[in-house]
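Structure at a glance
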Amino acid sequence: MELYCTRPGCPRPINLFSDLDDQATLKRVTQKYCTTCGMPLILRDRYLPTKLLGKGGFGVAVLARDRDTPAMRQCVVKLFKPAGDLSPNQVQIAQNLFEREAEVLEVLGNQHPQIPELFAFFELTVPSFLPGKQDNFFYLVQEYIEGEDLEIELAKKGKFSEEEVLEILREILPLLQFIHDRGSIHRDIKPSNIMRNRQNRLFLLDFGAVKQVTKVASSTGSKGSTGIYSMGFAPPEQMSGGQVYPSTDLYALAVTCSILLTGKQPNQLFDSYTNQWNLRNYVPISNNLASVLERMLLATPNQRFQTAEEVLAALSGNFPSPTPLSSQTPITQPPNSQLSHPSSPQPPTTPLRTAVPAFSSLELLFNAGFSGFEAGLLAVALYSSLGFSPIGMGLGILILGCLIFAQSRRIIEKIDLLIIAGISLAVFWFVPFLRSGIAFPDLVILSVGAGLLAIACTALFRLIYKLLSLIF
């Protein structure tokens, strides 16, 4: 039987013990030690680590067997041991998160079938690599969910259909509502933290970043969140270290759904130029689902849905009005504990505006070409009528500005632009004096040249903007 050494940095963690293949020996052996580093392998005289499941900055997660159960039940053993050069304050924050995961699993895992159950939480002191020193390790043992997470599913099968994503939402949203109702916010929703078991049931994993509102507020004297999150999934208030809300989880869930629908990563779906998510540009989905996800992805917390129940209602076609954060129902703890939602100054509530779908790069260039084309025709017409006068220049800027505004709000778009360009050319064909003596073919060449120049300038500006956004 192979046993896996849980000491971080062990050069050869896999240990083979042939005598443990005998069930009788396996049940009564007192301890086994790593043949490389001397680390005790049988944890708490009970758990036998067998296989590495994952490794991160705060330790490792291994698959283990519980020899105190008749069938040697499989479980997950998580070790807390921060790697790297962390300050004492950072280590303490990480340890608090690990202990909080154990507390949340103990409460929530025993109450909800889609949250892993906590089996044990203990500390182990062992000799260090350094002579005369000792290392302290914290272990968490939880239920093992056999299956695959949604990140692996996406890699194997490709993009999810709209119906598949709706099924995920209908299963995860009630689970999030359960968590939020008990005073917790997960803060790390992403495909790799949603597991589907062999019976096709979804589980929410990794509660290490969970925030219990009262505990953080009372223990630190601050309403801000810790700076631990998954880049691309966290909304602005979480990345800035500010107060987090149930809508913070809803934002991350919407990012997760967008990734599953498109097969693209957050940095590919979010356009920093327009500061919007480009979901509709990558996948054809119903207006209802797109509208729901777009509202979940709004940058301002009080403009999103405030509860998972509101999202479920919206998926059924019943869109609730935006609710000010100050008037939200306080998050409550389980019986025997007092919890009130921390109060903090909130931005004033403004009416929810319909988001304008972001423009793709191709649309921006096409719009620029149309604007340049119309600008060329307009310049010729105004020069023919008014000459080089301030009135003519002002009138030209006003008309061109109205055209650009109409494009930016999608009042005119796509085929509309071709129709308007065709009508403009027809006017010049039938009203020759607007051309100021310029032959019609020359007029077309001049206008097309102006359009190409506008496209080139727009492409150059966008390229410079992208490069600066990468640098800064």
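Residues numbered from 1 in each chain as written. Predicted model: local features only at pLDDT ≥ 70, side-chain atom pairs only at ≥ 80, totals over all residues. Heavy atoms only, no water.

As for the overall build of the protein chain
This is how it is decided: Numbered from the N terminus, helices here are DSSP runs of H or I no shorter than four residues, and strands are runs of E no shorter than two. By the convention used here, residues are in contact when the closest approach between their heavy atoms is within 4.5 Å.
A tally of helices and strands in the protein chain yields 15 helices and 14 strands. Taking the intrachain contacts of the protein chain between residues at least 6 apart in sequence as the baseline, contacts between residues at least 24 apart amount to 61%.

Digging into empty space enclosed by the protein
Where empty space is left in the structure can be found by rolling a water-sized probe over the atoms. For the record, the criterion: A cavity here means a set of 1 Å grid points, computed over protein atoms only, where a 1.4 Å probe fits but cannot escape. A pocket is an open set with protein on both sides within 12 Å along at least 5 of 7 lines, and lining residues have an atom within 4 Å of a point. Grid points are joined across faces, edges and corners, and a volume is the space filled by probe spheres set on the points. Any residue that is not Ala, Val, Leu, Ile, Met, Phe, Trp, Tyr, Cys, Pro, Asp, Glu, Lys or Arg is counted as polar, Gly included; the first ten are nonpolar and the last four charged.
A complete count under the given rule lists 1 cavity of 30 Å³ or more for this structure. Its volume calculated, the largest cavity comes out at about 40 Å³. Around the largest cavity sit 10 residues that line it, and Arg187, Phe233, Ala234, Gln238 and Ala252 are the ones nearest its centre. Counted by class, the lining of the largest cavity contains 5 nonpolar, 2 polar and 3 charged residues.

Concerning helix 7 (residues 246-262)
Defined as follows: Multiplying 1.5 Å by the residue count of a helix minus one yields the expected span of that helix.
Compared with the 24 Å implied by 1.5 Å per residue over 17 residues, the 25 Å span of helix 7 between its first and last C-alpha is a close match. In the segment just after helix 7, Gly263 is the residue with positive phi, at about 75°.

Structural notes on the pairing of strand 6 (residues 118-127)
Where a strand is regular, its side chains alternate between the two sheet faces. Just so we agree on the cut-off: For two strands to count as paired, DSSP must find a minimum of two bridges between them.
When strand 6 meets strand 7 (residues 134-143), the two strands line up antiparallel, connected through 9 bridges. From the neighbouring strand, Thr125 faces strand 7, where its bridge partner is Asn136. In this structure, the hairpin formed by strand 6 and strand 7 is closed by a connection of 6 residues, where Gly132 is found at a positive phi of approximately 80°.

Comments concerning the side chain of Thr25
Using the following cut-off: What qualifies as a polar contact is a pair of N or O atoms within 3.5 Å, subject to a donor-acceptor requirement within protein and to the restriction that residues adjacent in sequence count only when both atoms come from side chains.
When you line up the elements, Thr25 lands in helix 1 (residues 23-28). Of note is the side chain of Thr25, whose polar atom sits 3.0 Å from the side chain of Asp22. With residues up to four places along the chain from it excluded, the contact list for Thr25 reads Asp19 and Leu20.

Focus on the confidence of the model for the protein chain
As a reminder, the rule being used: Predictor confidence is given residue by residue as pLDDT, running from a minimum of 0 to a maximum of 100.
Per-residue pLDDT for the protein chain averages 81, and the proportion of residues at 70 or more is 82%. Per-element mean pLDDT across the protein chain ranges from 38 in helix 5 (residues 213-220) up to 95 in helix 4 (residues 162-181). Here residues 213-227 scores under 50 on pLDDT; set against residues more than four positions off or in separate chains, the count is 33 contacts.

A short note on the nonpolar core
Nonpolar side chains in soluble globular proteins tend to end up buried together. Using the following cut-off: Among buried residues, those of type Ala, Val, Leu, Ile, Met, Phe, Trp, Tyr and Cys that are joined through side-chain atoms within 4.5 Å constitute a nonpolar core. Relative accessibility thresholds used throughout: buried, under 20% of the residue-type maximum; exposed, over 50%; partly exposed, between the two (1.4 Å probe, protein chains only).
Leu176, Ile179, Leu253 and Met296 are the most contacted members of the largest nonpolar core, which has 55 residues in total. Going through the elements one at a time, helix 2 (88-108), strand 7, helix 3 (150-157), helix 4, strand 11 (202-204), helix 7, helix 10 (287-296) and helix 11 (308-315) are the ones with two or more residues in this core. For Ile179, the residues in contact, after removing those within four places along its chain, are Leu108, Ile115, Ser184, Leu204 and Phe207. One finds Met1, Cys5, Val29 and Tyr139 within the second-largest nonpolar core, a separate group that totals 31 residues.

Some words on the packing of helix 4 against helix 7
The following threshold applies: Axes, fitted as lines to C-alpha atoms, cover a helix only where it is in contact. Angles between the N-to-C directions of the axes lie from 0 to 180 degrees. When describing relative orientation, an angle under 35 degrees is termed roughly parallel and one over 145 degrees roughly antiparallel, while 65 to 115 degrees is termed roughly perpendicular and anything else oblique. Working rule for handedness: look at the near helix, and if it is turned counterclockwise from the far one by less than a right angle, call the crossing left-handed; if clockwise, right-handed.
The interhelical angle for the contact between helix 4 and helix 7, taken along N-to-C directions, is 160°, at an axis separation of 11 Å. Between helix 4 and helix 7, the angle falls in the class roughly antiparallel. Crossing angle aside, the handedness with which helix 4 passes helix 7 is right-handed. Between helix 4, through Glu162, Val165, Ile168, Leu169, Ile172, Leu173, Leu176 and His180, and helix 7, the contact on the second element is made entirely by Pro246, Asp249, Leu250, Leu253, Cys257, Leu260 and Leu261.

Examining the state of the cysteines
The test is simple: Disulfides are defined as pairs of cysteine sulfur atoms found within 2.5 Å of each other.
Here the structure, examined in full by the defined rule, presents 0 disulfides. Cysteine Cys34 is unpaired, with the sulfur of Cys10 as its nearest cysteine sulfur at 3.7 Å.

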